[in-house]
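Here is how the chains run, residue by residue.
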Amino acid sequence: MSEVRLDPPLELSLSLGEAMFTQRAMRRLKPDPIPESQLEILLNAASKAPNGGNMQPARFLAVRDRARVEAFGELYREAWWAKRRDEGRPWTRREDIPADSVFRMAALLADEIRHAPVVVLAFGIYPGMGHSVLPAMQNLMLAARALGIGSTLTTLHPQVMERVYALFGVPEKVEFHGCIPLGYPRGRFGPTPRLKSSETTYIDAWSQPPPW
Ligand SMILES: Cc1cc2nc3c(=O)[nH]c(=O)nc-3n(C[C@H](O)[C@H](O)[C@H](O)COP(=O)(O)O)c2cc1C
């Protein structure tokens with residue numbers, strides 16, 4: 001296994017706090033290309049993530065080719081609606097979804113992902129190691145935030161997986177864990193609405209709230 005020690009890129013100078021507290025799902029993306037040097041920084045950041053036993057199972061497929069992104073976009077849209085069907089949602093078109101629902105924006109991404117300049121697909125080369133791929137995906141998205149690049153973590157649906165693998169020539173034994181459309185945002189980063197940590201944290205025992 002190759003061991004590469006990379007110096008932190010100077011481009012990642014946004015404070016860690018600002019990156020973490022303003023990173024949010026950016027679904028409306030400009031079609032402008034992402035320079036290769038920036039893409040390399042994102043993938044280097046991903047490669048630095050913690051992972052089980054340092055087995056480094058994460059593999060990434062960064063799709064930039066327009067025809068392939070478009071073909072993937074079709075499959076992504078089909079997958080998105082298949083998930084809604086499985087959940088028993090009553091909608092069949094984006095316009096049916098209540099305007100204040102997060103699903104409305106997610107449906108927009110399902111329509112627009114084909115215009116993303118880059119879509120990164122994340123895989124694991126060993127079975128059952130999703131926990132070792134997700135930190136890499138988050139590293140990639142935080143690095144994207146630092147570079148002013150928008151991202152959203154998304155998933156697919158079993159209905160399309162065979163065709164996705166065929167489209168990109170992905171070996172059957174490799175496990176898919178998520179996909180991240182990337183692009184310069186049309187919206188603004190953060191702040192993000194989240195529960196207070198006092199509502200999500202216990203100290204020492206489940207019955208004990210934190211003192212803050
Ligand atoms: C496991 C996972 C799956 C997600 N799937 C989708 C998805 O299919 N489509 C989408 O638009 N956003 C998806 N998201 C993004 C979430 O909707 C988003 O992180 C959440 O609503 C918070 O949004 P915010 O960061 O803009 O506040 C997913 C996020 C995670 C972590």
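Here, the structure is the one placed above.
Residues numbered from 1 in each chain as written. Predicted model: local features only at pLDDT ≥ 70, side-chain atom pairs only at ≥ 80, totals over all residues.

Caption draft 1: Examining the site of the ligand more closely. Within the structure, the ligand sits among R24, A25, R27, V102, A106, L109, T152, L153, T154, T155, T192 and P193. Here the shell around the ligand is composed, by residue class, of six nonpolar, four polar and two charged. (Near = placed C-beta within 6 Å. Nonpolar A, V, L, I, M, F, W, Y, C, P; charged D, E, K, R; others polar.)

Caption draft 2: Region of interest: unusual backbone geometry. Cis rather than trans, the peptide bond between G190 and P191 has omega equal to 0°. Mapped onto the fold, P191 is located in the loop between β4 (175-183) and α7 (197-200). For N54, which is not glycine, the phi dihedral falls at a positive 50°. Summarising the element assignment, N54 is placed in the loop between α2 (36-47) and β1 (58-63). Even without a glycine there, the phi angle at Q56 is positive, about 50°. You can see Q56 is positioned in the loop between α2 and β1. Looking at Q56, the number of C-beta atoms within 10 Å reads 19, which means it is partly exposed. (Helix = DSSP H or I, 4+ residues; strand = E, 2+ residues; numbered from the N terminus. Buried ≥ 20, exposed ≤ 12 C-beta atoms within 10 Å, placed from the backbone.)

Caption draft 3: Main features of the pairing of strand β2 (residues 118-124). Most of β2 is tucked away, with seven of its seven residues classed as buried. Residues V118, V120, A122 and G124 point to one face of β2 and V119, L121 and F123 to the other, with burial holding for every one of them. Note: β1 against β2, six bridges, orientation antiparallel. Along β2, the bridge assignment pairs F60 with A122. With seven bridges joining them, β2 and β4 adopt antiparallel strand pairing. Along β4, the bridge assignment pairs F123 with F176. (Pairing = 2+ DSSP bridges.)

Such coordinate-based values are descriptive only and should not be taken to indicate function.
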